[in-house]
Amino acid sequence: MRLAIRIGKGIQSSGKLGDLVVGIVKIVLDAQHICDVGQLYGSIVVSRMKMKNAIKAKYTWSQDELRADLEARKHEERLPERRAFWELTRIVMTEKPRTFMDDLRFAAIRTMIVTGLHIGEAALLPVDWKRERTHLDLRGLPAGESGGISTSLTLLHFAEKQQEDESDSAVLRENMQPVPDMFRALIAETLDHVAKLTEPIRATLKLQCETGRQLPWYRPDDIVPFTKVHTRLMGNPFWLEIDREPFVNRYRENFDSSVLTDLYRHQIERQQSGQLTLDMAVYQFGKRLLDKMRDGHIALHFRCADGKVIGVRERMDWRNTYLHVGELESHVRTTTPTKVSDTTPLPLAAGAVQPWEFLFVHPKRSLAEERNDGLCDVTRYMAVGRPDPRSLGLALGDDKNIPSLFEKYGESDEDRGLKLESHMLRHLQNTELFRLGVVDTIISKRFNRRSVAQSYEYDHRSLAEDLDQIEIPLDIEIMLGEKASTVARLIKGGKANGPIVDAFRRIQATEGDTEAYEYLRAEADGFNATPYGHCMNSFTVDPCPKHLECFEDCRHLSARARPSTSIGWQNQLDHAGKRLAGVQKLLATPAGERPFPDGVDLSRPRQRGVLDE
């Protein structure tokens, strides 16, 4: 055989032909026990060609390629970090939101946690999301009286990734997701609360869409007081100098828009009673506009009550200054397009969804609240935005320059440094459903997938959890015992290989299940996780004859994904490498010479240390 290998290598300069001869010895002659002199592969002692997957040392493999032990999860990096997930859950479930926008973000993330929706699906939930069904039994009575359920709740949403080849990816596609009873109250309370919060904003947006104007509360040729239009433009509800704290505290209790109405009426009454001291923000805003007018940067003019233009060099009495509505709308469109409301409908397969029909509409650039720690008057503010997934992504830490919910509400410095990707919540729920034994078809339907295979890409259970879901007959499990039952599950799940597994399948095919499991009980009555793989032998009576050096042709070894680059694993690798190097050096040393002249003198006793007894 050695001669044949040398000839093969000589014929082909790359050495591939000689390597193929070696392979035939291993996979044909030895595997089929053709030679009556025993196994030949170990006696040939020739170096094999390195394949591509052997070039990279195994201890440099990424975490993707490694499974540390039975508890390591597949593609664990796609799941949220445990601390980040529970801290996020604590925040959105128990913390009190400090701003209107944070209240919306809390609600959207709560919805994502319990439904597993894509971030875009959660952001674009329609305001009429609720679909309730009544279930009756054969007698026409509520099914709950017969052991079933009388009513069920489903969530209408626009599912992503549903387009077909050559179809329009911008078209929204309606779909339904059943809401489990354990989350029914939470979902209903959360989304009903959002509908109440956004009701005044949706009313504004609907009026803007129907009229095609940014300030639909006025006619285009109206002359309106500058102090009144300030809130429409900036969202700041305070235009008089008053005590803010009582109104701020009341509003932040539950963001009830009636507080904003009370605030507006209070300022009107104070103005009518003679108090005309304006809030400093009004003066600052007017001064900025006036500077731009003087520089000729804008075509807007301040006017008197009768519509007469006030010269830019004249002294301004802001309490008696007005603006022309038509000019103001033109100014907004040309100079501040970021404050123009989103009025374009989104297409459906049949029809369209109007912007005010979305649940999570929000004020655009509500700087008065988000940046200046004030309030945004959602009942009067003109800039309304369509739901945007980016806002939720930023809340989870997508941009390190923008404070996330972790930074705002974290309890410790470590908590405030956390982040989480929105899609991880979907991976987590998918994995938990698999772990709890929900069938893959139900999981696929819940997440609007077209094939079951897609759901398994989101399956990150550990090997132990995988094995728990593999069923074997109860009588067989009792017969095998705990260790051999684990081996049986590994074989049935396609997670074990080797001579014992091959023999088991051959006996199962020729003699039946009973004989195969009897063989398994005798040959694989133990299960141990070793650094090299799964050992299917029991060490209860006798220790391992190979001293856990499974690579010495042990027939009980079933290879698995390698463990992590821990110190213990590296030490074991170094130990094996040192032994191999020593044997190779010994073989290369001429007769009569010492291969290890500088080696350790084992004839001398080891020096005792201070810790030795």
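Here is a short report on the structure shown in this document. Model, not experiment: these values are computed from the prediction.

### Let's talk about the packing of aromatic side chains
What characterises a pair of aromatic rings is the spacing of the ring centres plus the angle enclosed by the ring planes.
Phase 1: For the structure on display, the rule yields nine aromatic pairs.
Phase 2: Seen from their ring centres, Phe100 and Phe255 are 6.5 Å apart, and the 80 degrees between their planes marks the pair as edge-to-face. Taken together, the residues span a long stretch of sequence, with Phe100 in helix H6 (residues 100-115) and Phe255 in the loop between helix H10 (245-254) and helix H11 (257-272) at a distance of 155 residues. Per residue, the accessibility class of Phe100 equals that of Phe255, and both read buried.
Phase 3: Aromatic pair Phe302 and Trp318: ring centres 5.1 Å apart, planes at 75 degrees, arrangement edge-to-face.

### Topic: the sheet that holds strand S3 (residues 173-179)
Phase 1: What the three strands build is an open sheet, ordered S1-S2-S3; its pairing is antiparallel. Looking along the sheet, the strands with just one partner apiece sit at the ends: strand S1 (130-134) and S3. On average, each strand axis in the sheet is inclined to that of its neighbour by 35 degrees, with strand direction left out of account.
Phase 2: As paired elements, S1 and strand S2 (residues 151-159) share five bridges and run antiparallel to each other. By the bridge assignment, Glu132 is partnered in S2 with Leu153.

### Quick look at the packing of H6 against helix H8 (residues 181-211)
Phase 1: Two elements in contact, H6 and H8, have axes whose closest approach is 10 Å; the angle formed by their N-to-C orientations is 150 degrees. Our classification of the angle between H6 and H8 gives roughly antiparallel. In this structure, H6 meets H8 at a crossing whose hand is left-handed. Of the residues in H8, those in contact with Phe100, Asp103, Leu104, Ala107, Arg110, Thr111, Val114 and Thr115 of H6 are Phe183, Leu186, Ile187, Thr190, Leu191, His193, Val194, Leu197, Thr198 and Ile201.

### Considering H11
Phase 1: When the terminal C-alpha atoms of H11 are compared, their 23 Å separation across 16 residues agrees well with the 22 Å that a helix rising 1.5 Å per residue should span.
Phase 2: Every buried residue of H11 is accounted for by Val259, Leu260, Leu263, Gln267 and Ile268.
Phase 3: The secondary structure elements touched by the buried residues of H11 are helix H9 (226-234) and H10.
Phase 4: Taken from the residues just after H11, Gly274 is the one with a positive phi, measuring 115 degrees.

Conventions adopted
- Residues numbered from 1 in each chain as written.
- Predicted model: local features only at pLDDT ≥ 70, side-chain atom pairs only at ≥ 80, totals over all residues.
- Heavy atoms only, no water.
- Phe/Tyr/Trp six-rings, centres within 6.5 Å; stacked < 30°, edge-to-face > 60°.
- Helix = DSSP H or I, 4+ residues; strand = E, 2+ residues; numbered from the N terminus.
- Buried < 20%, exposed > 50% of the residue type's maximum accessible area, 1.4 Å probe, protein only.
- Pairing = 2+ DSSP bridges.
- Axes fitted to C-alpha atoms, helices over the stretch in contact; angles between N-to-C directions.
- Parallel < 35°, antiparallel > 145°, perpendicular 65-115°, else oblique.
- Left-handed = near helix turned anticlockwise from the far one by under 90°.
- Contact = heavy atoms within 4.5 Å.
- Expected span 1.5 Å × (residues − 1).

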